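Summary of the model geometry
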Amino acid sequence: MSVTATCIASLSIAKPQFSVHEFSNNINTNKSFQNTRKWQINSSSSPAVPGVDFNALESALAKKDSDAVKEALNELNEVGWAKRWSSQPYVSCRTTSLRELTTLGIKNAENLAIPSVRNDAAFLFTVVGTTGFLGVLAGQLPGDWGFFVPYLIGSISLVVLAVGSISPGLLQAATGAFSSFFPDYQERSARHEAAHFLVAYLLGLPILGYSLDIGKEHVNLIDEKLEKLIYSGQLDAKELDRLAVIAMAGLAAEGLTYDKVVGQSADLFTLQRFINRSKSKLSREQQQNLTRWAVLFAGSLLKNNKSIHEALMATMSKKATVVECIKTIEMAA
């Protein structure tokens, strides 16, 4: 998911299966890693839920039937189990300031919309450093080879820089792969995607699947009604507000934990796409405020449900099924 600069002042789904991305993420070890390990133990200790039938939910997920998934979750809610499903159905945008984000605990709120160049820098440094080193070695070759080969190797850096300037998307896979070299990648990724999953669940938007694989990090959401509204450009203010909060959940999760957000570009772009599909055309100031408010609302939900978020991170890190993730949300203390 991602957003252009118009959506933030100091700070945009394909068929519902919207992909809530963002793109690259992990965490420092030590204390937070120990917490994650603790949740892994707790969430795996009670995989079965006595007296609760999940067959309808599992069948609906297998068929990718959004209406059936919602119906199954509603039935589980009615029998007193899925109490957290759609427990925050009402959201409404209001005027929000950067100070409110800071007060909530968002670090460097004024820089949330600035794209991270961490992976790009690591990739370019590796290419230039490697080709430079090989060029020096190649210069020791005898005869004309010692003249021709270093120039050939050196041209690799120029080609990479040219491609990056003209069509950076072609290098996305390569630069994205470099995220795994950073020690905080896995936990940052789990934190980001678990936030999308949890907030969507609390707001009543069914989840189809997710992935934490490098370069494929995303949470898939399904809702046929929203699908039609998005593709017809008829999103009303209520649905736009709800989607905005879900889109900004990953960014909010990172902002609450790290000094620098890495996975915001895709989330912001997705939010901008939602905005572009709404009935009402928002001014630049309204887009900025919507983005800030969505970060604030999502951050508040995550902060109020911190233990659930941490437990879900651990469950998703084990590549658990969607049903197992839902059980974690409902059974976490």
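Thresholds, definitions, all that
- Residues numbered from 1 in each chain as written.
- Predicted model: local features only at pLDDT ≥ 70, side-chain atom pairs only at ≥ 80, totals over all residues.
- Heavy atoms only, no water.
- Helix = DSSP H or I, 4+ residues; strand = E, 2+ residues; numbered from the N terminus.
- Buried < 20%, exposed > 50% of the residue type's maximum accessible area, 1.4 Å probe, protein only.
- Areas by Shrake-Rupley, 256 points an atom, 1.4 Å probe, with all protein chains shown as cover.
- Core = buried A, V, L, I, M, F, W, Y, C linked by side-chain atoms within 4.5 Å.
- Contact = heavy atoms within 4.5 Å.
- Pairing = 2+ DSSP bridges.
- Patch = residues over 30% accessible without salt bridge, like charges linked within 9 Å, V, L, I, M, F, W, Y side chains within 5 Å.
- Salt bridge = Lys/Arg side-chain N within 4 Å of Asp/Glu carboxyl O.
- Lys, Arg positive; Asp, Glu negative; His and termini not counted.
- Charge placed at Lys NZ, Arg CZ, Asp CG, Glu CD.
- Expected span 1.5 Å × (residues − 1).
- Bend = angle between axes of the 7 residues up to and from the residue.
- Axes fitted to C-alpha atoms, helices over the stretch in contact; angles between N-to-C directions.
- Parallel < 35°, antiparallel > 145°, perpendicular 65-115°, else oblique.
- Nonpolar A, V, L, I, M, F, W, Y, C, P; charged D, E, K, R; others polar.
- Left-handed = near helix turned anticlockwise from the far one by under 90°.
- pLDDT = per-residue confidence, 0-100.
- Phe/Tyr/Trp six-rings, centres within 6.5 Å; stacked < 30°, edge-to-face > 60°.
- Lys NZ or Arg CZ within 6 Å of the ring centre and 35° of its normal.

A word on the overall build of the protein. When helices and strands are tallied, the protein shows 14 helices and three strands. In the protein, which comprises 333 residues, the share counted as buried stands at 49%. Total accessible area on the protein is roughly 16,100 Å²; 57% of this is exposed by carbon and sulfur atoms.

Take the nonpolar core next. Of all hydrophobic cores here, the largest spans 76 residues; its most connected members are Leu57 and Phe197. By residue number, the principal contributor to this core is helix 10 (residues 237–257), which donates 11 residues. Here Leu57 is in contact with Val69, Ala72, Leu73, Leu76, Val323 and Ile326, once residues within four sequence places are set aside.

Now for the pairing of strand 2 (residues 207–211). The element strand 2 is extensively covered by neighbouring structure, given that five of its five residues are classed as buried. Relative to strand 3 (residues 218–221), strand 2 runs antiparallel, the two being bridged by four bridges. Paired with Gly209 across the bridge in strand 3 is Asn220.

Let us look at a negative patch on the surface. Among the surface-exposed residues, Asp67, Glu71, Glu75, Glu78 and Glu224 lie close enough to one another that they form a single negatively charged patch. In terms of residues, the negative patch owes the most to one element, helix 3 (residues 66–78), which gives four residues.

This model, assessed by the stated rule, comprises five salt bridges. For Glu100, the salt bridge is made with Arg94, and the minimal N-O distance between the two is 2.8 Å. Take Glu100: its relative accessible area is 26%, and that puts it in the partly exposed class. Owing to a relative accessible area of 40%, Arg94 belongs among the partly exposed residues under this scheme. Taking the shortest distance from any N to any O, the salt bridge between Glu239 and Arg242 comes out at 3.0 Å. Of the two residues, Glu239 and Arg242 both sit in helix 10, three residues apart, roughly one turn of that helix. Through salt bridges with shared partners, a single ionic network connects Glu187, Arg191 and Glu310.

This part takes up helix 10. Counted at 1.5 Å a residue, the expected span for helix 10 with its 21 residues is 30 Å, and the 30 Å between its end C-alpha atoms agrees. Largest kink in helix 10: about 45°, centred on Ala249. Taken across its 21 residues, helix 10 has 17 buried, putting it largely inside the fold.

Turning next to unusual backbone geometry. Unlike most non-glycine residues, Ser86 shows phi in positive territory, near 55°. Structurally, Ser86 can be placed in the loop between helix 3 and helix 4 (98–104). For Lys319, which is not glycine, the phi torsion reads 60° and is therefore positive. Take Lys319: it is sitting in the loop between helix 13 (306–317) and helix 14 (322–331).

Before going further, it helps to spend a moment on the packing of helix 9 (residues 224–231) against helix 10. The interhelical angle for the contact between helix 9 and helix 10, taken along N-to-C directions, is 105°, at an axis separation of 12 Å. Classified by the angle between their axes, helix 9 and helix 10 sit roughly perpendicular to one another. The segment helix 9 lies against helix 10, with Leu226, Leu229 and Ile230 engaging Glu239, Arg242 and Leu243. Per-class residue counts for the contact of helix 9 with helix 10 are four nonpolar, no polar and two charged.

A cluster of nonpolar side chains, namely Leu141, Trp145, Phe147, Phe148, Tyr151 and Leu152, defines an oily patch on the protein surface of about 740 Å² accessible area. Among the secondary structure elements, Trp145 is positioned in helix 6 (residues 145–166).

Moving on, we come to the packing of helix 10 against helix 12 (residues 284–304). One way to put it is that helix 10 packs onto helix 12 with a least axis distance of 7 Å and a crossing angle of 65°. Considered as vectors, helix 10 and helix 12 are oriented roughly perpendicular to each other. Handedness of the crossing formed by helix 10 with helix 12: right-handed. Residues Leu240, Asp241, Ala244, Val245, Met248, Ala249, Leu251, Ala252, Ala253 and Leu256 of helix 10 form the contact with helix 12, whose participating residues are Leu290, Thr291, Trp293, Ala294, Val295, Phe297, Ala298, Gly299 and Leu302.

Scored by pLDDT, the protein comes out at a mean of 79, with 75% of its residues at no less than 70. A low-confidence stretch, residues 1–47 stays under pLDDT 50, and its non-local contacts, those more than four residues away or across chains, total 184 contacts.

Right, let's talk about the packing of aromatic side chains for a bit. Scanning all chains against the criterion turns up four aromatic pairs. For the pair Phe197 and Tyr210, a centre-to-centre distance of 6.2 Å together with 80° between the ring planes defines the contact as edge-to-face. Here Phe197, found in helix 8 (residues 185–202), pairs with Tyr210, found in strand 2; they are 13 residues apart in sequence, far enough to count as distant. Judged by its relative accessible area of 0%, Phe197 falls in the buried class. Tyr210 gets classed as buried once you look at its relative accessible area, which sits at 16%. Directly above the aromatic system of Phe54 lies the positively charged group of Lys327, at a separation of 4.6 Å from the ring centroid.

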